[in-house]
2 protein chains.
Amino acid sequence: MSKEENAVYIGRKRIVDYCLVVVTIFNKGGNKCTIRARGRSISTAVDVAEITKRKYLPMVEVSDVKIGSEVLESDMGPKTVSTIDITLVRKSGK
Amino acid sequence: MSKEENAVYIGRKRIVDYCLVVVTIFNKGGNKCTIRARGRSISTAVDVAEITKRKYLPMVEVSDVKIGSEVLESDMGPKTVSTIDITLVRKSGK
């Protein structure tokens, strides 16, 4: 996961905290936002995308979902974890 | 999530148990398999797809990932949960 503009990295905060970050990106005029997560946070990333879309930003839709793997260095040697990238975009004309 | 042919529903078993189900589908000549999960099992679904592809079935690729929401009836009234459908297909010519 390389750093990029309008990327929201999901960690251990509450779902609503991440929803607020996404809402702020679109309210400031952003047209695109990528929600990224690894490992156990993947379920939270899907919750953030779905809840934001349903409750806060009806003019936004999921344009792409990518899954992958990444090798992380840990104390016990390299460890492969799953990743997800969910791209939200403003619907055309909204 | 409606029942369909070659769908693998992720629950509380071990990741490797689901990988084996997917491997069996493709080894029996199947060309497509959909891994489906709800809620906290979504992370496991991504693990199953990625590990199966990487370790057991290099001739298989992810053709589509869909996320969504579903309303479940629970003791405490209706509850909305996130869902994921990951479609694996045999690469052409493999």
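Residues numbered from 1 in each chain as written. Chains lettered and ligands numbered in written order. Predicted model: local features only at pLDDT ≥ 70, side-chain atom pairs only at ≥ 80, totals over all residues. Heavy atoms only, no water.

Enquirer: So what's going on with the sheet that holds strand 4 (residues 77-90) of chain B? Which residues, and what values?
Expert: Sheets are built from strands that pair by backbone hydrogen bonding, the pairs being arranged parallel or antiparallel. If you walk across this open sheet you meet the four strands as 1-2-4-3 (chain B), and the pairing is mixed. Edge positions in the open sheet fall to strand 1 (7-9) and strand 3 (60-74) of chain B, since each of these has one partner strand only. Put simply, the sheet's adjacent strands are angled 20° from each other on average, direction ignored. Where strand 2 (residues 32-38) of chain B meets strand 4 of chain B, seven bridges bridge the pair, whose relative direction is antiparallel. Across the sheet, Thr34(B) pairs through a bridge with Thr87(B), a residue of strand 4 of chain B. Each of strand 3 and strand 4 of chain B is contacted by helix 2 (residues 42-56) of chain A, which is oriented at about 60° to strand 3 of chain B, the strand it contacts most. Against the sheet, helix 1 (residues 15-27) of chain B contacts strand 1, strand 2, strand 3 and strand 4 of chain B, and its axis sits at roughly 155° relative to strand 2 of chain B. (Pairing = 2+ DSSP bridges. Helix = DSSP H or I, 4+ residues; strand = E, 2+ residues; numbered from the N terminus. Axes fitted to C-alpha atoms, helices over the stretch in contact; angles between N-to-C directions. Contact = heavy atoms within 4.5 Å.)

Enquirer: Talk me through the pairing of strand 3 of chain B; I want residue IDs and the actual numbers.
Expert: All names here are of chain B. Note: strand 3 against strand 4, 14 bridges, orientation antiparallel. Across the sheet, the residue bridging to Glu70 is Val81, located in strand 4. From the end of strand 3 to the start of strand 4, which pair antiparallel, there are two residues.

Enquirer: So what's going on with the sheet that holds strand 1 (residues 7-9) of chain A? Residues and values would help.
Expert: Taken together, four strands build an open sheet; the order of strands is 1-2-4-3 (chain A) and the sheet is mixed. Across the chains shown, the open sheet's two edge strands, defined by having one partner strand only, are strand 1 and strand 3 (60-74) of chain A. Averaged over all pairs of adjacent strands, the angle between strand axes in this sheet comes to 20°, irrespective of strand direction. This element, helix 2 of chain A, spans strand 2 (32-38), strand 3 and strand 4 (77-90) of chain A of the sheet and lies at about 5° to strand 4 of chain A. Lying on the sheet, helix 2 (residues 42-56) of chain B is in contact with strand 3 and strand 4 of chain A; it crosses strand 3 of chain A at an angle near 60°.

Enquirer: Residue-level account of the interface of chain B and chain A, with values.
Expert: Bring the parts together and some accessible area is lost; that lost area is often taken as the interface size. Each partner contributes residues to the interface: chain B has 20 residues there, and chain A has 20 residues. Both sides of the chain B and chain A interface together cover about 1600 Å² of buried area, and 52% of this is carbon and sulfur. Area buried by chain B at its contact with chain A is led by Arg40(B), Ser43(B) and Ile67(B), which between them contribute 35% of it. Applying the counting criterion to the chain B and chain A interface returns two salt bridges. Taken together, the connections running from chain B to chain A amount to 13 residue pairs in polar contact (both at pLDDT 80 or more). For the side of chain B that touches chain A, the secondary-structure elements that each account for two or more residues are helix 2, strand 3 and strand 4 of chain B. (Buried area = accessible area lost by both parts, 1.4 Å probe. Salt bridge = Lys/Arg side-chain N within 4 Å of Asp/Glu carboxyl O. Polar contact = N/O pair within 3.5 Å; in protein donor to acceptor, adjacent residues only side chain to side chain.)

Enquirer: Quick one: what's the story with the relation of the copies chain B and chain A, residue by residue and with numbers?
Expert: Superposition of chain B onto chain A requires a rotation of 180° combined with a translation of 0.0 Å along the rotation axis, giving an RMSD of 0.0 Å. Such a combination of rotation and displacement between the chain copies is what one expects of a two-fold axis. Both copies present the same face, since 100% of the interface residues in chain B are matched by interface residues at the equivalent positions in chain A. (Least-squares fit on C-alpha atoms with pLDDT ≥ 70 in both.)

Enquirer: Outline the side chain of Thr52(B), supporting the account with residue identities and numerical values.
Expert: Residue and element names in this part refer to chain B. Its location among the elements puts Thr52 in helix 2. Overall, the relative accessible area of 0% leaves Thr52 in the buried class. Those residues in contact with Thr52 that lie beyond four places of it in its chain are Cys19, Val22, Val23 and Leu57. (Buried < 20%, exposed > 50% of the residue type's maximum accessible area, 1.4 Å probe, protein only.)

Enquirer: Describe the confidence of the model for chain A, listing the residues and the values that go with them.
Expert: Detailed reading of the predicted coordinates is not advisable wherever pLDDT falls low. Here chain A averages 93 in pLDDT, while 96% of its residues score no lower than 70. Among the prediction metrics, the complex's ipTM stands at 0.90, with pTM recorded as 0.91. (pLDDT = per-residue confidence, 0-100.)

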